[in-house]
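Below are the chains, spelled out letter by letter.
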Amino acid sequence: SGDELSWRKDGQGDWKRGRYNAWQTVPGVFLFGHVLEGSENHDGHIVVADFESGKATCYNGYLNTPYIANEAGCRTMFGRLVADGVPDPGEERHGFTREMLGRAITYNYSPGLTSMHLYATPKTTSWIIFTPAGAGGLQWAGSGAQVKIRDGLYFLYWIEEACNGTLGTILINMRTMHDAGIGYHCGTDGLSMSQVGALCRHAGQFDVERFFEDIV
């Protein structure tokens, strides 16, 4: 329905019901997320589904990492959609990209938080939170990923490791400079998934590609 889905793990067992949130960011591309309630590691799935290509990518958030029990981990899973009227992509899948490499993007969230993310390597995200006066504040970095969905449309995540247990995911449209995302967070009030969205600005790009020329 508009906010409820049915799921089962690996196609086995009885169907279970769960609530989800979803947004259509561009025609034919949806971002949706839900928690697999009752799963051992409290898994959450944040999925981008492209109904025009038949491809889908899932960021699988989970707890009980080897490091901190209430800290989020993430797996990236590439798949396909199976439904009437949806093209079969065959063996093709979305894939990791370097098109975001070195870019600095500012995200302005309501009611006033501004953060700048730097995609310094293919597998990390660095960020700085600006103070209310506009000065740069605390700086942090963590593991992440950059997946290309379509030209100008990228699915990104970052993990706030040893910090506050958050897996942040966003689907950013570089043409409209707007994003939609889902936060998977384990804090003092327990596990939650919440909407993320911001107005974005391109803040420049560092020439870091040369450091990764020999890395496949």
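Here's what I pulled together on the structure shown here. What you are looking at is a predicted structure, and each value in this text was computed from that prediction instead of being measured.

**Some thoughts on the sheet that holds strand E5 (residues 44-50)**
By way of backbone hydrogen bonds, the strands of a sheet pair with one another, either parallel or antiparallel.
Inference 1: The antiparallel open sheet is built from five strands, whose spatial order is E3-E4-E5-E6-E7. Either end of the sheet is taken by a strand with one partner, and the two such strands are strand E3 (21-26) and strand E7 (73-80). Each adjacent strand pair in this sheet contributes to an overall mean axis angle of 15 degrees, direction not counted.

**Quick notes on the pairing of strand E4 (residues 29-35)**
Inference 1: Most of E4 is tucked away, with five of its seven residues classed as buried.
Inference 2: Relative to E4, E3 runs antiparallel, the two sharing five bridges. Each bridged residue has a counterpart across the sheet, and for Trp 23 the counterpart in E4 is Leu 31.
Inference 3: Linking E3 to E4, which pair antiparallel, is a turn of two residues; within it Gly 28 sits at a positive phi near 90 degrees.
Inference 4: The sheet contact formed by E4 and E5 spans seven bridges and is antiparallel. Counterpart to His 34 in the pairing with E5 is His 45.

**Some thoughts on unusual backbone geometry**
Inference 1: A cis geometry characterises the amide bond from Ser 110 onward to Pro 111, with omega recorded as 10 degrees.
Inference 2: Turning to its location among the elements, Pro 111 is positioned in the loop between strand E9 (103-109) and strand E10 (113-121).
Inference 3: A positive phi angle is found at His 42, which is not glycine, with a value near 55 degrees.
Inference 4: On the secondary structure map, His 42 appears in the loop between E4 and E5.
Inference 5: Relative accessible area serves as the criterion here: at 38%, His 42 is assigned to the partly exposed category.
Inference 6: Within the chain, Met 177 stands out as a residue other than glycine whose phi angle is a positive 55 degrees.

**Quick word on the nonpolar core**
Inference 1: Counting residues in each nonpolar core, the largest one holds 22 residues, and the members touching the most others are Leu 31, Ile 149, Phe 155, Leu 167 and Leu 171.
Inference 2: Listing elements by their share of this core, those giving two or more residues are E4, E5, strand E12 (136-150), strand E13 (153-159), strand E14 (166-173) and strand E15 (178-187).
Inference 3: Once residues lying within four places of it in the same chain are set aside, the contact partners of Phe 155 are Leu 31, Ile 46, Val 48, Thr 57, Tyr 59, Ala 145, Gln 146, Val 147, Ile 149, Thr 169, Ile 170 and Leu 171.
Inference 4: Tyr 109, Tyr 119, Ile 170 and Met 174 belong to the second-largest nonpolar core, a separate cluster that totals 16 residues.

**Regarding the pattern of salt bridges**
Inference 1: Tallying each qualifying case throughout the model produces 11 salt bridges.
Inference 2: A salt bridge links Glu 4 to Arg 17; the shortest N-O distance between them is 3.1 Å. Residue Glu 4 is located in strand E1 (residues 4-7), and its partner Arg 17 is located in strand E2 (residues 16-19); the two are separated by 13 residues in the primary sequence.
Inference 3: On the basis of relative accessible area, Glu 4 is assigned to the partly exposed category, the value being 33%.
Inference 4: The salt bridge partner of Lys 148 is Asp 151, with a shortest N-O separation of 2.8 Å.
Inference 5: Its relative accessible area of 23% is what places Lys 148 among the partly exposed residues.

**Focus: the environment of Trp 7**
Inference 1: As for its placement among the helices and strands, Trp 7 is situated in strand E1.
Inference 2: Trp 7 sits 29 residues away from Leu 36 along the chain, and the two C-alpha atoms are 8.1 Å apart.
Inference 3: If we ignore the near neighbours within four places in the chain, the residues touching Trp 7 are Asp 14, Trp 15, Lys 16, Arg 17, Gly 18, His 34, Val 35, Leu 36 and Glu 37.

Definitions and cut-offs
- Residues numbered from 1 in each chain as written.
- Predicted model: local features only at pLDDT ≥ 70, side-chain atom pairs only at ≥ 80, totals over all residues.
- Heavy atoms only, no water.
- Pairing = 2+ DSSP bridges.
- Helix = DSSP H or I, 4+ residues; strand = E, 2+ residues; numbered from the N terminus.
- Axes fitted to C-alpha atoms, helices over the stretch in contact; angles between N-to-C directions.
- Buried < 20%, exposed > 50% of the residue type's maximum accessible area, 1.4 Å probe, protein only.
- Core = buried A, V, L, I, M, F, W, Y, C linked by side-chain atoms within 4.5 Å.
- Contact = heavy atoms within 4.5 Å.
- Salt bridge = Lys/Arg side-chain N within 4 Å of Asp/Glu carboxyl O.

Purely geometric stuff here, so don't read any function into it on its own.
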